[in-house]
Amino acid sequence: MTRISAKLKNARMTPRKVRLLRSVIIGKSAEQARTQLQWQNGKASKLVAKVLASAIANAQNDFEISEEELTVVALDVDEGIKFKRFNPVSRGMAHSFQKRNCHIRVVVGSEGKKSSKKKVKADIETLTVEE
């Protein structure tokens, strides 16, 4: 099984909200996952749809696999950096809060022969000193 992935680092969305989409797209074909994300509400579905489109493009360009052959294998959502901020309150005090970010990784795969990256051979002629 060939696995191709795409990542989005430090997306300005909490990981908890993005993880809700995991059960929606895992195990579905790439086309079905794309349509499911298109009809979901919220910012998280748009972010995951962009990463899914990037993973599909990686599969098409690097491995020459069509979109019909691809299925979504995994959606990994990890914690990114946290922005620490303060909210002013009465009597000159402040309460701290965190703005959370996440790393999104979509893995697509195809059932079929193992394909290696396409190799482009350069036509290089070797010249000798006499020439």
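All values reported here derive from a predicted model rather than from experimental measurement.

(A) Inspection of the pairing of strand 3 (residues 94-110) at higher detail. Here 8 bridges tie strand 1 (residues 2-11) to strand 3, and the two strands are oriented antiparallel to one another. Bridge pairing links Ile4 to Val108 in strand 3. Relative to strand 3, strand 2 (residues 70-88) is paired through 16 bridges, and the arrangement is antiparallel. Looking at the pairing, Asp76 lines up with Arg105 of strand 3. Between the antiparallel neighbours strand 2 and strand 3 lie 5 residues, among them Arg91 with a positive phi of about 65°.

(B) View of the environment of Ser110. Summarising the element assignment, Ser110 is placed in strand 3. Distance from Ser110 to Val72, taken between C-alpha atoms, is 8.9 Å for residues 38 residues apart in sequence. Sequence-distant contacts of Ser110, defined by excluding residues within four places in its chain, comprise Met1, Thr2, Ile65, Glu69 and Leu70.

(C) Broad picture of the sheet that holds strand 2. Pairing within the open sheet is antiparallel, and its 3 strands lie in the order 1-3-2. The strands lining the two open edges of the sheet, one partner per strand, are strand 1 and strand 2. Direction aside, the axes of adjacent strands within the sheet are offset by 15° on average. In the packing of helix 4 (residues 43-63) onto the sheet, the strands contacted are strand 1, strand 2 and strand 3, and the crossing angle to strand 1 comes to about 140°.

(D) Main features of the pattern of salt bridges. This model, assessed by the stated rule, comprises 3 salt bridges. Arg34 is paired through a salt bridge with Glu67; the nearest N and O atoms lie 3.5 Å apart. Pair noted here: Arg34 is in helix 3 (residues 30-38) and Glu67 is in the loop between helix 4 and strand 2, with a separation of 33 residues, a long-range link. Exposure remark for Glu67: the relative accessible area of 16% places this residue in the buried category. Ionic pairing is found between Asp76 and Arg105, a salt bridge with its closest N-O pair at 2.7 Å. One end of the pair, Asp76, is in strand 2; the other, Arg105, is in strand 3, with 29 residues separating them in the sequence.

(E) Molecular detail of unusual backbone geometry. A positive phi angle is found at Asn10, which is not glycine, with a value near 55°. Tracing the sequence through the fold places Asn10 in strand 1. One non-glycine residue, Arg91, adopts positive backbone phi at about 65°. Within the secondary structure, Arg91 sits in the loop between strand 2 and strand 3. Of the residues examined, Arg91 reaches a relative accessible area of 79% and is grouped as exposed.

(F) Region of the structure containing the packing of helix 3 against helix 4. Where helix 3 contacts helix 4, the two axes come as close as 9 Å, and the packing angle between them is 155°. Accordingly, the angle class assigned to the pair helix 3 and helix 4 is roughly antiparallel. As for the relative orientation of helix 3 and helix 4, their crossing is left-handed in sense. Here helix 3 contributes Ala30, Ala33, Arg34 and Leu37 to the contact with helix 4, which in turn contributes Ser45, Val48, Ala49, Leu52, Ala53 and Ile56. Taken together, the residues of the contact of helix 3 with helix 4 sort by class into 8 nonpolar, 1 polar and 1 charged.

Scoring rules and cut-offs
Each chain carries its own residue numbering, running from 1 in the direction its sequence is written. Local features in this predicted model are restricted to residues whose pLDDT is 70 or higher, and side-chain atom pairs enter the listing and the counts only when it is 80 or higher, whereas totals over whole chains, interfaces and linings include all residues. Side-chain numbers here rest on the full set of heavy atoms in the structure, without hydrogens or water. A strand pair is defined by DSSP finding two or more bridges across the two strands. Each helix is a run of H or I in the DSSP string that is no shorter than four residues. Each strand is a run of E no shorter than two, and both are numbered from the N terminus. The contact definition used throughout considers only heavy atoms, calling two residues in contact when any of these lie within 4.5 Å. Under this scheme, a helix contributes an axis fitted over its contacting stretch, all axes are lines through C-alpha atoms, and angles between N-to-C directions fall in the 0 to 180 degree range. Note on definitions: salt bridges are taken to be side-chain nitrogens of Lys or Arg within 4 Å of carboxyl oxygens of Asp or Glu. The rule is simple: take the accessible area with a 1.4 Å probe, protein chains only, and divide by the maximum for that residue type; under 20% is buried, over 50% is exposed, in between is partly exposed. These descriptions rest on fixed angle ranges, namely under 35 degrees for roughly parallel, over 145 for roughly antiparallel, 65 to 115 for roughly perpendicular, and the rest for oblique. It is the rotation of the near helix from the far one that decides the hand of a crossing: anticlockwise by less than a right angle makes it left-handed, clockwise makes it right-handed. Ten residue types, Ala, Val, Leu, Ile, Met, Phe, Trp, Tyr, Cys and Pro, are classed as nonpolar, four, Asp, Glu, Lys and Arg, as charged, and the remainder, Gly among them, as polar.

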